[in-house]
Amino acid sequence: FLLNFQIFRKKAVELGEKLLPAFNTPTGIPWALLNIKSGIGRNWPWASGGSSILAEFGTLHLEFVHLSHLSGNPVFAEKVMNIRKVLNRLDKPEGLYPNYLNPSSGQWGQHHVSIGGLGDSFYEYLLKAWLMSDKTDEEGKKMYYDAVQAIETHLIRKSSGGLTYIAEWKGGLLEHKMGHLTCFAGGMFALGADGAPNDKTGHHIELGAEIARTCHESYDRTTMKLGPEAFRFDGGVEAIATRQNEKYYILRPEVIETYMYMWRLTHDPKYRQWGWEAVEALEKHCRVDGGYSGIRDVYNNQESHDDVQQSFFLSETLKYLYLLFSEDDLLPFEHWVFNTEAHPLPVLHKDDRNKEENQK
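Residues numbered from 1 in each chain as written. Predicted model: local features only at pLDDT ≥ 70, side-chain atom pairs only at ≥ 80, totals over all residues. Heavy atoms only, no water.

A. Representation of the UniProt feature "binding site: Ca(2+)" (unreviewed entry) in the protein in the model. UniProt tags Thr340 as "binding site: Ca(2+)" (unreviewed entry). Relative to the helices and strands, threonine 340 is located in the loop between strand E14 (336-338) and strand E15 (344-346). When neighbours within four sequence positions are excluded, threonine 340 is seen to be in contact with Thr59, Ser121, Glu124, Tyr125 and Glu316. A distance of 3.0 Å separates the side chain of threonine 340 from the side chain of glutamate 124, its partner in a polar contact. (UniProt positions renumbered as here; feature names shortened; annotations may be inferred. Helix = DSSP H or I, 4+ residues; strand = E, 2+ residues; numbered from the N terminus. Contact = heavy atoms within 4.5 Å. Polar contact = N/O pair within 3.5 Å; in protein donor to acceptor, adjacent residues only side chain to side chain.)

B. View of the state of the cysteines. Overall, the coordinates contain one disulfide when judged by the stated rule. Through a disulfide, cysteine 183 is tied to cysteine 215; the S-S separation comes to 2.1 Å. Since a negative S-S torsion denotes a left-handed disulfide, the cysteine 183-cysteine 215 link at about -90° is left-handed. Here cysteine 215 lies in helix H8 (residues 201-220) and cysteine 183 lies in the loop between strand E10 (177-179) and helix H7 (184-191), a separation of 32 residues in the sequence. Given the relative accessible area of 0%, cysteine 183 is considered buried. Free cysteine cysteine 286: the closest other cysteine sulfur is in cysteine 183, separated by 16 Å. (Disulfide = S-S within 2.5 Å. Buried < 20%, exposed > 50% of the residue type's maximum accessible area, 1.4 Å probe, protein only.)

C. Structural detail: the side chain of histidine 66. Assignment of secondary structure puts histidine 66 in helix H3 (residues 61-71). According to the relative accessible area criterion, histidine 66 is buried, its value standing at 14%. The residues contacting histidine 66, other than those within four sequence positions of it, are Met132, Leu345 and Pro346.

D. Layout of the packing of aromatic side chains. Summed over all chains, the structure comprises 18 aromatic pairs. Consider the rings of phenylalanine 122 and tyrosine 123, whose centres lie 5.1 Å apart with planes at 70°: the pair is edge-to-face. Taking relative accessible area as the criterion, phenylalanine 122 reaches 3% and is therefore assigned buried. On the numbers, 4.1 Å between centres and 5° between planes, the contact of tyrosine 165 with phenylalanine 233 is stacked. A residue pair is termed long-range when its members are at least 10 positions apart, and tyrosine 165 in strand E7 (residues 164-166) and phenylalanine 233 in the loop between strand E11 (230-232) and helix H9 (254-266) qualify at 68 residues. Since its relative accessible area comes to 8%, phenylalanine 233 is described here as buried. Each member of the aromatic cluster is reached from another via a ring pair, and the members are Tyr97, Trp108, Phe122 and Tyr123. Here the guanidinium or amino end of arginine 264 rests over the ring plane of phenylalanine 333, the centre of that ring lying 4.8 Å away. (Phe/Tyr/Trp six-rings, centres within 6.5 Å; stacked < 30°, edge-to-face > 60°. Lys NZ or Arg CZ within 6 Å of the ring centre and 35° of its normal.)

E. Structural view of the layout of surface pockets. The volume enclosed by the largest pocket comes to roughly 560 Å³. In this structure, the largest pocket is lined by 28 residues; those nearest its centre are Leu19, Leu60, Glu63, Phe64 and Leu67. Residue assignment for the lining of the largest pocket shows that the elements contributing at least two residues are helix H1 (2-19), strand E1 (33-35), strand E3 (52-53), helix H2 (54-57), H3 and E15. Per element, the largest residue contribution to the lining of the largest pocket is seven residues, and it comes from H1. In terms of residue class, the lining of the largest pocket is made up of 20 nonpolar, five polar and three charged. One number sums up the size of the second largest pocket: a volume of about 470 Å³. Considering the residues around the second largest pocket, the lining is formed by 25 residues, among which Ala55, Asp120, Ser121, Thr340 and Glu341 are closest to the centre. Counting residues per element, the ones that place at least two in the lining of the second largest pocket are H2, H3, helix H5 (120-132), H9 and helix H11 (311-324). Ranked by the residues each element gives to the lining of the second largest pocket, the list is headed by H5, at four residues. Of the residues that constitute the lining of the second largest pocket, the class distribution is 11 nonpolar, five polar and nine charged. Formed jointly, the lining of the second largest pocket draws a minimum of three residues from each of two domains, domain 1 (1-154) and domain 2 (159-164 + 178-326). (1 Å grid on protein atoms, 1.4 Å probe; cavity = no way out; pocket = protein on both sides within 12 Å on 5 of 7 lines; lining within 4 Å. Points joined across faces, edges and corners; volume = space filled by probe spheres on them. Nonpolar A, V, L, I, M, F, W, Y, C, P; charged D, E, K, R; others polar. Domains from an automatic or database assignment.)

Written as structure tokens, this is what we have:
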């Protein structure tokens, strides 16, 4: 086992070193794509005027800090700390973080803000950086709670039917749509409740519970009891997909992730009940001879499989279900932080760090 650990540690550090040229931009905001042989980076051609994407460059922190911890080389942590520095210096529209940032000019691209795709895990990593640091990373903590405050003010709304949802923001205009990806935020709010400023712990738990309920409704209002890729709150519709290209389910984990966090933090039995409903729906509609498949339209009576078992189904969906029905002492939150793909990273406890410093 120890030999395996050393092999993988060496490989992880080698890979980290190969990725470092991605940060060779005028701002230090990394490119999305890197030719590892030439060290030349570029961005996705569709991303707002050559921009890097918030959820990509903002979702390196846990892994790179862990790499510095494993290797003893501070360069990895320095690269991701610099990303924060750049973001802190920038003016943010209404305190919100747009999804696009140009790595050459250091200016925002178009002012689109999403807690779903393109934005999601940036916010998750601000909170988890603070948790992984054994609550010593005060900068990460402040950035997280400031961001949540802006999200509450500008993006979180309540439907006429009483469902709390997180809208998308396009240059100041709200689109009353919530993606399945955004449903992770219920668990995030609950996980961050304990450190919330101004006695807001209960409020953050409540916010998590409200998002969990809305996302459960998005499942419950389909024929197959599995949630669509995106659902809307407009034109008299609530928590329902109205466009054909949003009615699919590709075995995504975010709703179950939120159930798991809500269960661990409240022990309200409804979260296990909701998780079991998802298990039954997965078994009934997604199970195929070779494994599990996504569904093209969750509102249909007839399954139309997309014939793909996504990798996150194993690493996240099934893992979060397993944890939802396990005891709390399996990967306890005080010792482990899950990265955005549900891989556990150890909390770097202050005492352990001091021990390491003394041993050097």
